[in-house]
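Reading the structure
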Amino acid sequence: MDTLKIGIVFDDSLDKTDGVQQYVLTLGRWLSSQGHEVHYLVGETKRTDIPNVHSLAHNVGVRFNQNRMAMPLPAPKGPIKQLLQDEQFDVLHVQVPYSPALAGRIIKAAGARTAIVGTFHVAPHGKLVGIANSLLGLWVRKGLNRFDVMTATSAPAQQFAKETFHVDSDVVPLPLDLSKFYDAEPFARYQYSKNIVFLGRLVERKGCEYLLKAVERIHRDDSWPEGAKVLICGTGPLEGALRDFAGDHKIDAHVEFAGFISEEDKPRYLACADIVAYPSTGGESFGIVLLEAMASSRGVVLAGNNPGYASVMAPHPESLFDPHNTGEFAEKLLSLLVDTKARSIARAWQREYVRQFDIKTIGPLTLNIYEQALHKRRS
């Protein structure tokens, strides 16, 4: 394939490390490593360490799908038209759902020879979010007709695209750069204990409270294994309530709140885990965190049985659980904490399974999609 000039379009900021930001930057870095010229057309970002970033709007913070995100204010049309005229992109890769205030204007201004590829990311958490997305789908209906190829990062995201935007899409999993996870070194201070690790924002839908309830159940039954620890990695509005729960139920001696975890330290914390527990109740279109944990941990990854996580764990449904069922969750945790052989078996299949999601596999698939889109656009 000839060298391409690619514009990755994302309404939000690149300042965070959430799932879509990871997707955008992982894909962009790999495309650049293959000799393609990559630009990032975003709402607003303060980062200066990424080449070819174009901040085209001012963003305002909003809460959506139980996440904090940024929404662009209406972007000036003149700079968008000038940028597209100057750069003459071969492909614009738009993250969907998108805002009419920024990505919608970029799509409208795109030249006739520029192929447009879309990728759906969202799986709505709650009825109101689904209704809001359906209304957004009606609003951007005309712009959707301009896309040459549409993809989705998972089966739930594909279903969301069909049900709310009435768009057909092909599933291409999120690409992950797993190289730093495969050989991550655990922190020495945790090497000699059995560790359950939770890593994520301390918000309701991520389900950390359900993990603590399961731990409390094991402790109440006087079954907590000697030397076992729970590492809570992350911060958020529920941190105070979770600390209070641990103290009130006399499990605080077994629970450590590690606070904010940097991207550099994340693989090392995961590498300390005999069990990585992600009891999310919903709103997950995919399971990046599950795959990172599979690549790093020395044990088992357990996932809340929501559609996004279930799509990732489909070959091994025994790794899923209902976060609201405290007894079931506690039983899984305890049985795996004491069963070294079961953890070893899980580690073996997990390490092999994650390789199909590595950017080295997904990157070439994405380039093939760009080629298809260009052929369709220019033939």
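Please refer to the structure higher up on the page.
The text that follows walks through the structure, step by step, so that each part is easy to find. Every value quoted in this text rests on a predicted model; they were computed, and no experiment measured them. (Residues numbered from 1 in each chain as written. Predicted model: local features only at pLDDT ≥ 70, side-chain atom pairs only at ≥ 80, totals over all residues. Heavy atoms only, no water.)

What follows is about the state of the cysteines. Put plainly, two cysteines are in a disulfide when a covalent bond ties their sulfur atoms together. A complete count under the given rule lists 0 disulfides for this structure. In this structure C233 is a free cysteine whose sulfur lies 8.5 Å from that of C272, the closest cysteine sulfur available. When its relative accessible area of 1% is taken as the criterion, C233 is described as buried. (Disulfide = S-S within 2.5 Å. Buried < 20%, exposed > 50% of the residue type's maximum accessible area, 1.4 Å probe, protein only.)

Pairs of aromatic rings are described using the distance from one ring centre to the other and the angle between the two planes. With the rule as written, the count across this model stands at 9 aromatic pairs. Through a chain of ring-to-ring contacts, the aromatic side chains of F120, F160 and F165 assemble into a single cluster. In this structure, R189 packs its charged tip against the face of F187, placed 4.7 Å from the ring centre. (Phe/Tyr/Trp six-rings, centres within 6.5 Å; stacked < 30°, edge-to-face > 60°. Lys NZ or Arg CZ within 6 Å of the ring centre and 35° of its normal.)

What follows is about the pairing of strand β6 (residues 91-96). Of all 6 residues in β6, 6 are buried, a share of seventy percent or more. Covered by surrounding structure in β6 are V91, H93 and Q95 together with L92, V94 and V96, the residues of both alternating faces. Across 4 bridges, the pairing between strand β1 (residues 5-10) and β6 is parallel. Counterpart to V9 in the pairing with β6 is V94. Sheet topology places β6 next to strand β7 (residues 115-120); 6 bridges connect them, and they run parallel. (Helix = DSSP H or I, 4+ residues; strand = E, 2+ residues; numbered from the N terminus. Pairing = 2+ DSSP bridges.)

Further remarks concern unusual backbone geometry. For the peptide bond that leads from V96 to P97, omega is 0°, which places it in the cis range. Along the chain, P97 turns up in the loop between β6 and α3 (103-109). The phi dihedral of H166 falls on the positive side, at around 55°, and the residue is not glycine. As for its position among the elements, H166 is in the loop between α6 (155-165) and β9 (170-171).

So, about the pattern of salt bridges. Applying the stated criterion across every chain yields a total of 18 salt bridges. A salt bridge links D12 to K16; the shortest N-O distance between them is 3.5 Å. With a relative accessible area of 5%, D12 lands in the buried category. Judged by its relative accessible area of 26%, K16 falls in the partly exposed class. With a closest N to O distance of 3.1 Å, E239 and R243 form a salt bridge. Taken together, the residues E239 and R243, both in helix α9 (residues 239-248) and 4 residues apart, mark about one turn of the helix. Taking the relative accessible area as the measure of exposure, E239 reaches 18% and is therefore buried. Since its relative accessible area comes to 41%, R243 is described here as partly exposed. (Salt bridge = Lys/Arg side-chain N within 4 Å of Asp/Glu carboxyl O.)

Membership of the largest hydrophobic core comes to 92 residues, with the highest contact counts inside it found for Y40, I196, L211, I232, L291, L333 and Y370. In this structure Y370 touches L4, I6, L27, L31, V91, H93 and V117, once residues within four positions along its chain are discounted. If you look at the next biggest cluster of nonpolar residues, it comprises 30 residues, including I80, L83, A157 and A161. (Core = buried A, V, L, I, M, F, W, Y, C linked by side-chain atoms within 4.5 Å. Contact = heavy atoms within 4.5 Å.)

Taken in spatial order, the 6 strands of this open sheet run β12-β11-β10-β13-β14-β15, and their pairing is parallel. Only two strands of the sheet have a single neighbouring strand rather than two, namely β12 (255-259) and β15 (320-321). Here strand β11 (residues 228-233) runs beside β12; their pairing, made up of 4 bridges, is parallel. Opposite C233, over in β12, you have G259 as the bridge partner. Together, β10 (194-199) and β14 (300-304) form the strand contacts of helix α14 (residues 340-353), whose direction differs from that of β14 by roughly 80°. (Axes fitted to C-alpha atoms, helices over the stretch in contact; angles between N-to-C directions.)

Attention now goes to α9. Given 3.6 residues per turn, any residue in an α-helix points the same way as the ones three and four places further on. When α9 is considered as a whole, its buried residues turn out to be E239, L242, F245 and A246. Each buried residue of α9 lies within a common arc of 125° when the element is viewed along its axis, so the set occupies one face. Buried positions along α9 lie against α8 (208-220) and β12. In the segment just after α9, K250 is the residue with positive phi, at about 60°. (Arc of directions from axis to C-beta.)

Let us look at the sheet that holds strand β3 (residues 53-55). An order of β3-β2-β1-β6-β7-β8-β9 is seen for the 7 strands of this open sheet, with the pairing classed as parallel. Either end of the sheet is taken by a strand with one partner, and the two such strands are β3 and β9. The pairing of β7 with strand β8 (residues 149-152) spans 4 bridges and is parallel. Directly across from T119, in β8, lies its bridge partner T151.

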